[in-house]
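# A closer look at the structure
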Amino acid sequence: MSVTTPKGPQLAVLPTAAENDTPRGGAQVLQPSGWPMPKGYANGMAAEGRIVVTGGVIGWDAEERLADGFVAQVAQTLSNIAAILAEGGARPEHLVRLTWYVVDMDEYLTNLKELGRIYRAVFGAHYPAMALVQVVRLVEKAARVEIEATAVIPR
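Residues numbered from 1 in each chain as written. Predicted model: local features only at pLDDT ≥ 70, side-chain atom pairs only at ≥ 80, totals over all residues. Heavy atoms only, no water.

## So, the packing of aromatic side chains
A complete count under the given rule lists three aromatic pairs for this structure. Between tryptophan 100 and tyrosine 108 the ring centres are 5.7 Å apart and the planes differ by 75°, which places this aromatic pair in the edge-to-face class. For tyrosine 108, a relative accessible area of 16% translates into the label buried. Taken together, a centroid distance of 5.2 Å and an interplanar angle of 75° make the contact between tyrosine 119 and phenylalanine 123 edge-to-face. Taken together, the positions of tyrosine 119 and phenylalanine 123, both in helix 3 (residues 112-123) and four residues apart, correspond to about one turn of that helix. Taken individually, tyrosine 119 and phenylalanine 123 each receive the classification buried, so the pair is uniform in this respect. Members of the aromatic cluster, connected to one another through ring pairs, are Tyr119, Phe123 and Tyr127. (Phe/Tyr/Trp six-rings, centres within 6.5 Å; stacked < 30°, edge-to-face > 60°. Buried < 20%, exposed > 50% of the residue type's maximum accessible area, 1.4 Å probe, protein only. Helix = DSSP H or I, 4+ residues; strand = E, 2+ residues; numbered from the N terminus.)

The following block contains the structure:
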């Protein structure tokens, strides 16, 4: 068997801000050396432990009333995700992945500063790996955003 040396960039494993507060095995940010630091997300995450996942979560309340407008729906969606994580024993710093589905990419890009404030209010300064996808529509016609979350609770 031959072993080859990878030709790509070297990988740096950086502790997340909350790793010092979690038992050994907390989530780690994967940042290839020489790559620019991403803003508001991580390129990759590594973690060991119990996995907690959500389905696609939208911005409605317990009575299934959607918040008015994109920004309000994002705020409610993130709060809903935090509640689901808590139900599974996870905290925001356990998040390793978020996948956002939006019906209008420009609506997302126009509101980046406000979305950042809302995100930090709910999850703090912990930024997992994220993907953002524009879709034609969501199951609930009036929904503007749907987010899936994956968290790993350290052993």
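After that view of the structure, there is still more to cover.
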